[in-house]
Amino acid sequence: NLKYPKFAQDGKIEGTVVVSFIVDTKGNVQKLRLEKSNNRALGVEVIKIMGNMPKWKPGHKNGKPCTAMIAVPINFEL
């Protein structure tokens, strides 16, 4: 569902966007945060898409669900 922003394509803007978030014990995504982005429009697009993610499988520690922090790098290449 990720779409390369049109003006970024036209301007041949590439780079990596890193986003982090918390997955709670029920699999809900919380505290979505942009960690790194070389272009604001690329970061905004990633936050928009990541905010619409379905539930994740929660982390497990000692056989029980636990909260986990995840960081995901997303590469934009033309």
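No experiment lies behind these values; they were computed from the predicted model shown.

## A short note on the environment of Lys12
Mapped onto the fold, Lys12 is located in the loop between helix H1 (6-10) and strand E1 (15-23). Separated by 59 residues in sequence, Lys12 and Ala71 place their C-alpha atoms 25 Å apart.

## Here's the deal with the sheet that holds strand E5 (residues 68-76)
One open sheet holds the three strands; their spatial order is E2-E1-E5, and the pairing between them is antiparallel. At either margin of the open sheet sits one strand with a lone partner, and together these are strand E2 (29-36) and E5. On average, each strand axis in the sheet is tilted by 25° relative to the strand beside it, whichever way the strands run. As paired elements, E1 and E2 share five bridges and run antiparallel to each other. Following the sheet pairing, Val23 is matched in E2 by Val29. Each of E1, E2 and E5 touches helix H2 (residues 40-50); the most contacted strand, E1, lies at about 30° to it.

## Description of the pattern of salt bridges
Overall, the coordinates contain three salt bridges when judged by the stated rule. For the salt bridge of Lys6 with Asp10, the shortest nitrogen-to-oxygen distance reads 3.3 Å. Of this pair, Lys6 and Asp10 are both found in helix H1, four residues apart, which corresponds to roughly one turn of the helix. Lys6 sits in the exposed class, given a relative accessible area of 57%. The exposure class assigned to Asp10 is exposed, which follows from its relative accessible area of 55%.

## Focus: the packing of aromatic side chains
The description of an aromatic ring pair uses the distance of the two centres, along with the angle that the planes make with each other. All told, the structure shown has two aromatic pairs when counted by the stated rule. A ring pair is formed by Tyr4 and Phe76, whose centres lie 5.1 Å apart and whose planes are at 90°; its orientation type is edge-to-face. Here Tyr4 is found in the segment before H1, whereas its partner Phe76 is found in strand E5, with 72 residues between them in sequence. Judged by its relative accessible area of 3%, Phe76 falls in the buried class. Between Phe21 and Trp56, the aromatic rings sit 5.1 Å apart at their centres with planes inclined by 65°, giving edge-to-face as the arrangement.

Reading the values: the criteria
- Residues numbered from 1 in each chain as written.
- Predicted model: local features only at pLDDT ≥ 70, side-chain atom pairs only at ≥ 80, totals over all residues.
- Heavy atoms only, no water.
- Helix = DSSP H or I, 4+ residues; strand = E, 2+ residues; numbered from the N terminus.
- Pairing = 2+ DSSP bridges.
- Axes fitted to C-alpha atoms, helices over the stretch in contact; angles between N-to-C directions.
- Contact = heavy atoms within 4.5 Å.
- Salt bridge = Lys/Arg side-chain N within 4 Å of Asp/Glu carboxyl O.
- Buried < 20%, exposed > 50% of the residue type's maximum accessible area, 1.4 Å probe, protein only.
- Phe/Tyr/Trp six-rings, centres within 6.5 Å; stacked < 30°, edge-to-face > 60°.

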